[in-house]
Amino acid sequence: MTPDHELPCIREQLLKRGKCVALPALLSLVSNEVIGQGAATVEDDAPALEEVLVLGSHIPRADYRSISPVFTISRDDIAIDSRDTVAELLNRYPQFVGDRNGSFNDFGVRAGAAPINLRGLGANRNLTLLNGRRLGPGSALGQVDTHILPMGLVERVEVLTGGAAAVYGSDAMSGVTNFTLRDDVEGLEVNASFERTDRNDGDIGNLSVLAGRELGSGWGHITGFASHLDAEAIGRAERDISALPLCEDRTRGELYVCGSPVVPAGYHRFPALLDGAVADDGFTFDASGNPIPFNHPGDLYNPFPDWDLRPGFRRSAAGAALELRPGDDTRLNAVLLWSEYELEKFYEPAPAIVEPLFTNLDNPVLSPAAAEVLRTNFDPRGAGVAVFDYYYVLTALGRRKQESVRDNTWLNLELEGQWLRDWRWIAAYTLTDFSADTTQTGGYSAARLQQALLVNPATGDCLNPTGGCTPADIFGPGRLSAEAAAFIREGKFVSREDTRQQVVSLLTNGTVSLGQQRDLAIATGFEWREDQTRYRPDPALTDSIREGFNRELPVSGDNSVTELYAEMLLPLFKERDWAEALELEVGARYSDYSNADEEWTWKSGLSWMPAPGLRFRGMYQRAARAPNIVENYSPTRESLNTVLGIFSNDPCAASRRPQDFPGRVERCIAQGIDPDKLPAYEPGQRTFVTIVNSANPDLDSETADTYTLGLVWTPGRVPGFSVTLDAYRIDIEGAITYVPPEAMFQLCFASKNPDRYCAGIERDPGGDVTRKFGTFLNIGAIETRGYDLSLSYLYPHRAPWGWGSEVGLSVVANRTESFEIVGEDGGRWECAGKFGGRCTVGHEGPLPKHSALTRLHYRSGPLTGTLSWRWIDGARLAPALIGAPANPNEIIPVTSLASEHYLDFNLAWEWRPSFTLSFSVLNLTDTAPPELGQPATQANTDPGTYDVLGRRYRLALTARF
């Protein structure tokens, strides 16, 4: 802990003068605001405030004030939060919304990326900076992967919660998140931590070492660091929420345990004759290989025990920061960061979906009863070969496994100097280089499986012995031999992805005197940026989706932009009766994109301080964002999904009366349904649908108008108290939005302009949907508005036992007043406080209307105790895109989510400045996540929003030498 007489300091990463900037202790809480009249909280002998670059502007300021709303997560906050990954840390704060991330096992998130999502507007609209410079894509999917950042090396996190495209260019639509690394360490520092859940699993060990020293007589400084983190996997079966798959019974309005129709015993899903009686749900096989009726849902397969809830992962990182000061006015900065992230994901054994399967009826692996049932049902012409659809889990192959090794390198070189009298210049080159090798095992060859099902009855060998074929018995549980499994097993599928971002920038800033003690501050610059991506899936993955893994297609692409920008900060009035200060800030940026049109963006803002300790601020920004690598060039992926008929909500079903809606019958027929079967069509009980996700090279740029208006109040009569309140509004036109396959399917029938939504939807002649697709589209608009509140209070006192002590309270809260998605036809749907339904367009999981993080701490001498309370407001199920369910008597089991509350406790003991020991209990009350129904994407809940691991304990040690 910092002694009473010491104040925290900030070393600016872009413009340093070699000294510390003394700021009030409030800065280490939530807000990074410093009020100019805060001298009462600063020691008399503190050095004068230096000019630093404020997040959201290229103009250096001595008072470290931002017109745009900015809040800071300090290094002390990071230690108290006790999280080991950046995504987990930021998702605790109300400005961020939980997103799909690789910290939890999701088959759709390749290689475990962990993006961050500001305001719920998507990771693609939040610009991520490292030391004030761009952090490039961390995968061929185009997302910035925060796993590159070891928590122990982060000095602070600054979040600008408003548009900043005029300052930083494309991607800064919803705001900017800047991570500052520690680069001023003196001596040696060792940080170690260990975490375990109260279920005695999920161990996480973390170790980092930092070392630094001054060079010569103050002409430079060097810092080096290395870290390693190792996290143990937690299986889905280890938590109640994810032990069993849940489905919705809309007849009784309940969730029930369900599963997959692809089962280890094998399954034919259509009605069939068994011993003269009809098995309505089809048939399966017993351990002796004899056919028996399938009992739905009792015989469905539970794949969850074979899945990880949180995969095991390891992260190693190393780097160095060098600062050289060869002269008073010249400075060279170099920062190199390397990280390697290894991830292992496990899934259930490969599902073999064979449509159709061929086997000869005199195949010796068939029991007499099996041969008779197959002959009766599937060989009406007596050809001696049965042809039928069959689903079988290849348990003999073991669990499928995905291993990925991700290498990330970030390099930033800066040269800074002075020209004229009061002008500085900075030239910088920034490189983000990412590569990943993903290895998948546990797949099978559909061709070799079919080969092994045609067997010579005389010899017992395969009719086609090529390749060492061994007959396969898949008619009953545990009957597939090890030799047959080895024959049909595929080897490793190895895919490679590479992305690179290069940025060259030139900046100059300074002042022009306007007389009367007024200086016009100006910053102007040039930036060139290029993104390149290449994804090369294993050739086997480009051929078929029925090998146990998704089908993926290769892709490569690049785009670039050249930009010019300028900013001005003009003090309009100073020390007047009605204003201590009134400032005007304006800026503009011209961007010439290689993959989009030229764009102009601009900003204009006012800061008015009517009295000491009170400041009002407002900012308008026009932002534009061109399509990025992921939206233009992300790989096409195909997977095979099971759909239960009761969830299909198919507009072509006879019970939904498609003839009553103009154009609906024609759309159904265009998708492939036989016109003669349409009047009687109802969705099948269980069907398999190919799900396709792809990029869109024909996207246009999106534009946004962002508004912020707020106040900052630090009353001099209440030392240690600070409050900020900001209102925001973000209106995005032509918003580039990922529209998932189910939403595309619904929009095909709900939109007045359906053509682009209907393309790619296919049905079999009987009517069942066989193919859906999702992609990125320019939709009408996304409009959100709300309020941010930041409050902090620090009360120092001397405890009765004589120790210097303090009580501190901080609150960060958000109210999302509205989050509307607007269609091209003018249709609007509100998503604030909603989940599921039409609100899955562009976002998964709930968007709570209110959320807050409150922290209360008490420090006395070397001991500090902190209690943190995170509140997530409840939410209600959003309506479906195409209206009410077909049956008005249906009862949806989960229509609302209750508020959730999470408590964390941290106790820290500092023994002199050289030794700190802390103990944390995370999720103190062991709050369980809510169960979701059909909208759940994984593990029956939303791990991006809710805590699925339960109570856990963490011990951390810091030693300085």
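Attention here is on the structure that accompanies the text.

Conventions adopted
Residues numbered from 1 in each chain as written. Predicted model: local features only at pLDDT ≥ 70, side-chain atom pairs only at ≥ 80, totals over all residues. Heavy atoms only, no water. Phe/Tyr/Trp six-rings, centres within 6.5 Å; stacked < 30°, edge-to-face > 60°. Buried < 20%, exposed > 50% of the residue type's maximum accessible area, 1.4 Å probe, protein only. Helix = DSSP H or I, 4+ residues; strand = E, 2+ residues; numbered from the N terminus. Polar contact = N/O pair within 3.5 Å; in protein donor to acceptor, adjacent residues only side chain to side chain. Salt bridge = Lys/Arg side-chain N within 4 Å of Asp/Glu carboxyl O. Pairing = 2+ DSSP bridges. Contact = heavy atoms within 4.5 Å. Arc of directions from axis to C-beta. Disulfide = S-S within 2.5 Å. Core = buried A, V, L, I, M, F, W, Y, C linked by side-chain atoms within 4.5 Å.

**Details of the packing of aromatic side chains**
Then comes step 1: Taken as a whole and judged by the stated rule, the model has 23 aromatic pairs.
Then comes step 2: Plain terms: the ring middles of Phe283 and Phe285 are 5.7 Å apart, the flat faces sit at 80° to each other, and that makes the pair edge-to-face.
Then comes step 3: Exposure remark for Phe283: the relative accessible area of 0% places this residue in the buried category.
Then comes step 4: We classify Phe285 as buried; its relative accessible area is 3%.
Then comes step 5: Geometrically, the ring pair formed by Phe283 and Phe378 is tilted, given 6.2 Å between the ring centres and 40° between the ring planes. Highlighted residues: Phe283 in strand β19 (residues 283–285) and Phe378 in helix α4 (residues 368–378), separated in sequence by 95 residues.
Then comes step 6: A relative accessible area of 13% places Phe378 in the buried class.
Then comes step 7: In this structure an aromatic cluster arises from ring pairing among Phe283, Phe285, Phe378, Phe388, Tyr390 and Phe475.

**Let's talk about the side chain of Thr816**
Then comes step 1: Mapped onto the elements, Thr816 comes out in strand β43 (residues 804–822).
Then comes step 2: Its relative accessible area of 12% is what places Thr816 among the buried residues.
Then comes step 3: There is a polar contact of 3.0 Å between the side chain of Thr816 and the side chain of Asn814.

**Remarks on the pattern of salt bridges**
Opposite charge on two side chains allows them to pair when their charged atoms are near.
Then comes step 1: Under the defined criterion, the tally for this structure stands at 57 salt bridges.
Then comes step 2: In this structure, Asp788 engages Arg119 in a salt bridge whose closest nitrogen and oxygen atoms are separated by 2.5 Å. Separated by 669 residues along the polypeptide, Asp788 in strand β42 (residues 781–798) and Arg119 in the loop between α2 (86–90) and β6 (126–130) bring together distant segments of the chain.
Then comes step 3: Judged by relative accessible area, which is 8%, Asp788 ranks as buried.
Then comes step 4: Via salt bridges that share partners, Asp77, Asp81, Arg83, Arg92, Arg855 and Asp904 belong to a single interconnected network.

**Quick word on the sheet that holds strand β45 (residues 834–835)**
Backbone hydrogen bonds hold the strands of a sheet together, and the pairing may be parallel or antiparallel.
Then comes step 1: Within the open sheet, the three strands sit side by side as β45-β48-β49. Their pairing is mixed. Because the sheet does not close on itself, it has two edges, and the strands there are β45 and β49 (896–897).
Then comes step 2: In this sheet, β49 lies alongside strand β48 (residues 875–877) in antiparallel orientation, the contact comprising two bridges. For Ala875, the partnering residue across the bridge sits in β49 and is Leu897.

**Remarks on the sheet that holds strand β9 (residues 175–181)**
Then comes step 1: Sheet architecture is open: five strands sit in the order β5-β8-β9-β6-β7, paired in mixed fashion. Each edge of the open sheet is held by one strand with a lone partner, namely β5 (70–73) and β7 (133–134).

**Describing the pairing of strand β27 (residues 423–441)**
Then comes step 1: As paired elements, strand β26 (residues 400–419) and β27 share 19 bridges and run antiparallel to each other. In the strand pairing of β27, Glu414 is matched with Ala428.
Then comes step 2: For β27 and strand β28 (residues 493–515), the ladder comprises 17 bridges, and the chain directions are antiparallel. Its bridge partner lying in β28, Ala427 is registered against Leu506.

**So, the pairing of strand β33 (residues 598–611)**
The side chains of a regular strand alternate between both faces of the sheet.
Then comes step 1: One ladder, built from twelve bridges, connects strand β32 (residues 581–593) with β33; its direction is antiparallel. When the sheet's bridge partners are listed, Gly587 is paired in β33 with Lys603.
Then comes step 2: Between the antiparallel neighbours β32 and β33 lie four residues.
Then comes step 3: Taken together, the eight bridges between β33 and strand β34 (residues 614–625) define a ladder with antiparallel strand orientation. Across the sheet, Trp608 pairs through a bridge with Phe616, a residue of β34.
Then comes step 4: Linking β33 back to β34 in an antiparallel pair, the connection comprises two residues, with Gly613 at a positive phi of about 85°.

**Details of the side chain of Ser495**
Then comes step 1: Position of Ser495 relative to the elements: it lies in strand β28.
Then comes step 2: Reaching out from Ser495, the side chain makes a polar contact with the backbone nitrogen of Asp538 at a distance of 3.1 Å.
Then comes step 3: Setting aside its immediate chain neighbours within four residues, Ser495 contacts Ala436, Asp437, Thr438, Tyr535, Arg536, Pro537, Asp538 and Leu541.

**Observations concerning α4**
Then comes step 1: When we look at burial in α4, the residues that qualify are Ala370, Ala371, Val373, Leu374 and Phe378. One side of α4 carries all its buried residues, which in axial view fall inside an arc of 165°.
Then comes step 2: Contact partners of the buried residues in α4: β16 (267–268), β17 (272–274), β19, β20 (291–293), β24 (351–360) and β25 (385–393).

**As for the state of the cysteines**
Then comes step 1: In the structure shown here, the tally under the stated rule is five disulfides.
Then comes step 2: Across the disulfide from Cys652 sits Cys668; the S-S distance is 1.9 Å. With the S-S bond torsion at -95°, the cross-link from Cys652 to Cys668 turns out left-handed. Here Cys668 lies in helix α8 (residues 664–670) and Cys652 lies in the loop between β35 (637–644) and α8, a separation of 16 residues in the sequence. Grouping residues by exposure puts Cys652 and Cys668 together as buried.
Then comes step 3: Here the cysteine-cysteine linkages of the protein are recorded as 1-2, 3-4, 5-6, 7-8, 9-10, numbering only bonded cysteines and doing so in sequence order.

**Here's the deal with the nonpolar core**
Then comes step 1: Counting residues in hydrophobic clusters, the biggest one holds 42 residues, and the most contacted among them are Ile732, Val739, Phe749, Phe819, Trp829 and Cys831.
Then comes step 2: Secondary-structure elements contributing two or more residues to this core are β36 (686–693), β38 (721–733), α9 (741–750), α10 (755–758), β41 (769–778) and β43.
Then comes step 3: With six residues, α9 is the single largest residue contributor to this core.

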